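Structural characterization, general
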Amino acid sequence: MAKEVKFMCNPKSENRLVFNKEFTRQEPIPEDGIKRAMEIMETGRLHRYNTVRGEVAETSLLEKEFADYVGTAYCTGLSSCGSAIYVALKSVGVLPGDRILCNAFTLAPVPGAIMNTEAEPIFVEIDENYLTDLDDLEEKAEASGAKFFLLSHMRGHIVDMDRVTEICNRFGITMIEDCAHTMGAKWGDKFTGTFGEVGCFSTQTYKHINSGEGGLLVTNDDNVAAKVILYSGSYMLYEKHIAKPPLEVFEKYKQMIPNFSLRMSNLVAALIRSQLPELDKQCTRWNDRYKLIEKRLRGTPYIRLPERSVKEHFVGSSFQFTIKGAPVSKVKQFINTCSDRGIEIKWFGSMEPKGFTSRFESWEYFGKTNPLPKTAELLNFMCDFRVPLTFSLDDCKQITTIIQQVTEEVMP
Ligand SMILES: Cc1ncc(COP(=O)(O)O)c(C=O)c1O
């Protein structure tokens, strides 16, 4: 601590504190996941439908366990969350040319899924807490007549789901939730992903469960569930699923729904199954880190932290803040200086897509989309960094110290 104070007094010192852990380093897969993956590899039965008589595939077991975890009737494993969103949109009836409302602050696979359906996105503004602007949602729902809302709980920020549900009901809108960043998170006492018709989760490496790639789709609707399983690439083997609707529902669709071959493999399912029992504990560990960072950064000049509702039981696996009272040039300088000091901050202000980060203006494949002046301005000043569980609480302290030092150093 004394050391930190010394550096704070002398921010330009040659001995400036530099953080030297990787922001991309995840924890190892639990032992039993590795063991189970080895067992599956020894049998060679990696494909979810390659089961012997009476055997239930790893992927089917996972689907049942995840459905039970979030409290839905059905769950289907897919190759990614992006493919889950695409299949969800198709399964709730999106057709080419349909309009889909979607918050503009999200990641590229979300507009990618909309593009895949050949629908037209109507992007909705966000507010200073990085949440969908619900007044704008309401206005655009009315003006556009859109019948679908793809809500991306981007970076784990959960908007007032009571009001969202009311708006969707009032306008007859079907909601699909992108829960890539909210696995384990709730609004009130209800898991995200269970407010809309469909919830889509990611198990890609940087998410709350890591299987490299992977997606889980949940729903309570018999027709949607049957379509999802068929689209996912079940051939005529859907009977082998456990978390599935009655077989007669498949009869209605089995010759109408193409096989998109977006299945999950048993190997991926084994990795996920080993992490699911620990998910709540891991979420608490993320929140311990998040709260520490939040407490230490609160009140720092030029830094604004988002306000969060008491009903939002989020998972703080990443941290966002806004630079206030300084020009954009200073934001860039701040991010570059943080980078020199080992702190990897992502910036949504750049018009040029970089790494995983892109903003709505760069999704040019849609042609011209609706203007979003408020979101554009907010993204220019937003800073974003990962908080992997390989960071200790002390690491998190060090990160906040460096951020404060850099703020002092570069801000006007
Ligand atoms: C907000 C958001 N939605 C969806 C996805 C898609 O997830 P996946 O990589 O599993 O396709 C991502 C991926 O990072 C994401 O960040």
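Bear in mind that the values here come from a model prediction, so they are computed numbers and not experimental data.

Analysis parameters
- Residues numbered from 1 in each chain as written.
- Predicted model: local features only at pLDDT ≥ 70, side-chain atom pairs only at ≥ 80, totals over all residues.
- Heavy atoms only, no water.
- Pairing = 2+ DSSP bridges.
- Helix = DSSP H or I, 4+ residues; strand = E, 2+ residues; numbered from the N terminus.
- Buried < 20%, exposed > 50% of the residue type's maximum accessible area, 1.4 Å probe, protein only.
- Contact = heavy atoms within 4.5 Å.
- Core = buried A, V, L, I, M, F, W, Y, C linked by side-chain atoms within 4.5 Å.

In space, the three strands of this open sheet follow the order 7-6-11, with antiparallel pairing throughout. With partners counted over all chains shown, the strands left at the sheet margins are strand 7 (190–191) and strand 11 (312–313), one partner each. In this structure, strand 6 (residues 186–187) lies alongside strand 11, joined through two bridges in antiparallel fashion. Opposite Trp187, over in strand 11, you have Glu312 as the bridge partner.

This paragraph deals with the environment of Glu213. Looking at where Glu213 falls in the secondary structure, it is placed in the loop between strand 8 (198–202) and strand 9 (215–219). Its relative accessible area of 49% is what places Glu213 among the partly exposed residues. Apart from the residues within four sequence positions on either side, Glu213 is in contact with Ser79, Thr203, Gln204 and Val268.

Further remarks concern the nonpolar core. Core analysis: the largest hydrophobic core is formed by 51 residues, its most contacted members being Leu89, Leu150, Cys200 and Leu217. Looking at this core, the elements with two or more residues in it are helix 4 (81–91), strand 2 (99–103), helix 5 (109–116), strand 4 (148–152), strand 8, helix 8 (222–233), helix 9 (247–253) and helix 13 (373–380). Counting residues per element, this core draws most heavily on helix 4, which supplies seven residues. What Leu89 contacts, discounting residues up to four positions off in sequence, is Val94, Ile100, Ala113, Ile114, Thr117, Leu150 and Ile176.

Looking now at the pairing of strand 8. When you tally the buried positions in strand 8, you get five out of five residues, the bulk of the element. Here strand 8 shows a buried face lined by Val198, Cys200 and Ser202 and a second buried face lined by Gly199 and Phe201. Where strand 5 (residues 174–178) lies against strand 8, three bridges are found, and the strand directions are parallel. Each residue of the ladder has a partner; that of Glu177, found in strand 8, is Gly199. Alignment of strand 8 against strand 9, held across five bridges, turns out to be antiparallel. Looking at strand 9, one finds that Ser202 is bridged to Gly215.

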